[in-house]
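Reading the structure
Here is how the chains run, residue by residue.
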Amino acid sequence: MNHLLRSHAPITDDAWAELDREVQQRIVPPLAARKLVDFAGPKGWEHSATNLGRVSPVDAPGDGLFAHQRRVLPLAELRADFTVSRSELLDFSRGAADLDLGALDAAARRIAEAENVAVFHGWAAAGIVGITEAATSEPIELGADVAKYPRHVAKAVETLLSAGISGPYGLALGPEGYTEVVETTEHGGLIVFDHLREILGGPIVWAPGVVGAVVVSLRGDDFVLESGQDLSLGYDHHDASTVSLYLEESFSFRVVSPDAAVALTP
Amino acid sequence: MAQSAGLHEPEDRLSPATIDRHRAFVSIQEEFEAADWYDQRVDATTNPELAAILAHNRDEEKEHAAMVLEWLRRQDPVLDGHLRTYLFSSEPVTEIETEAESGNATGAGGDFSGALGIGSLKAVAP
């Protein structure tokens, strides 16, 4: 047994399997960052820091000595708590297929969105610099006219090409912008979504937590999400009516090539 | 003809990640099969110079297999957990299994039970 303490929960193996399955289905759609950046690991819950390969000078302990200290990026832990009704779990054991797992759904969305925000916009408290914070190119303003998005995305792609950053490229798009892009057609009837995909050569990703949009190169090795413990389902406590569970992960994120992305602001 | 003749389900029902893992599984199978063939040829030949070349080539196949296995480990948290439990250990393998199943594993890495196996989604994006 590990620190997730699953065997202490009043949950049968079949119910755990059902909960795992439900989370897997619900959490994949909003996990936008993992669809666009490299994923390294999982390296285990014990993995505590990412090696940055750099040092900082420190005072040497005596004459004739030189000293440096290795620099690392500590992994951050993210956890989203939720409860499941014990009566729902009992109904599952009776064969019920329509479990009320709304709190699980909300927790999955919270932790996925937090991961997206950390990757794309940063998480200062955890020492994570996001893609839009690190990007060296000038942000491009999207404006309100969705029909003009292809022009702005093409400009972003041109900026990346000019910097020697090859494609294909992907687009992380906040939920509002995503819906508008799917619904809008340009003059001539071309759907904006299809036009953007032609420009990018890669996916357009629905990205809860992203403000505006971000164009990134998908060539690899530019952005690394390093996982310690990948998203896992653990047990906290229970009472007569509910079981308290949580989703948890540990990770760091670093931008290796700040010129491999362009931010598009609202 | 499919890119790989070993798919057992219709390709349009398989995710890109599953198909990539299939490619890796087949590659490992081919590399170890080649190492086995070389092993036998090294034993069989009476020419020492040829035996040395075949042994060299055989060992390269092992390197190829190890590279693909590492790629698979990075894609699959469950495989990762098992490899961390069993590899680079010195106890009898069956004793490690007993300890792992009783929750007292002392292998090289973490316990991944409870992990949802999400990992990278980069290849899955539409």
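Residues numbered from 1 in each chain as written. Chains lettered and ligands numbered in written order. Predicted model: local features only at pLDDT ≥ 70, side-chain atom pairs only at ≥ 80, totals over all residues. Heavy atoms only, no water.

**A few points about the overall build of chain B**
A tally of regular secondary structure across chain B gives four helices and zero strands. Its helices and strands taken in sequence order, chain B reads α-α-α-α from the N to the C terminus. By residue count, 28% of the 126 residues in chain B fall in the buried class. Considering only intrachain contacts with a sequence separation of at least 6, the fraction spanning at least 24 residues in chain B is 42%. If you sum the accessible surface of chain B, you get close to 8,300 Å²; carbon and sulfur atoms cover 53% of it. (Helix = DSSP H or I, 4+ residues; strand = E, 2+ residues; numbered from the N terminus. Buried < 20%, exposed > 50% of the residue type's maximum accessible area, 1.4 Å probe, protein only. Contact = heavy atoms within 4.5 Å. Areas by Shrake-Rupley, 256 points an atom, 1.4 Å probe, with all protein chains shown as cover.)

**Thoughts on the pairing of strand S6 (residues 169-173) of chain A**
Residue and element names in this part refer to chain A. Taking burial as the measure, the five residues of S6 include five buried ones, the bulk of the element. Neither face of S6 is open: one carries Tyr169, Leu171 and Leu173, the other Gly170 and Ala172, and all of them are buried. Here S6 runs beside strand S8 (residues 213-217); their pairing, made up of five bridges, is antiparallel. Directly across from Tyr169, in S8, lies its bridge partner Ser217. Taken together, the three bridges between S6 and strand S7 (residues 204-206) define a ladder with parallel strand orientation. Within S7, the position partnered with Ala172 by the bridge is Val205. (Pairing = 2+ DSSP bridges.)

**A word on the interface of chain B and chain A**
Contacts between the two partners involve 20 residues from chain B, matched on the other side by 31 residues from chain A. In total, chain B and chain A occlude about 2,000 Å² of area from one another, counting both sides; carbon and sulfur atoms represent 58% of this. Three residues stand out in chain B for area buried against chain A, namely Leu116, Leu121 and Lys122 of chain B, and they jointly supply 34% of the buried area on that side. For the interface between chain B and chain A, the tally reads one salt bridge. Put simply, Lys122 of chain B and Asp38 of chain A hold a salt bridge, and the shortest N to O gap is 2.7 Å. (Buried area = accessible area lost by both parts, 1.4 Å probe. Salt bridge = Lys/Arg side-chain N within 4 Å of Asp/Glu carboxyl O.)

Bear in mind that shape data such as this cannot, by itself, settle questions of function.
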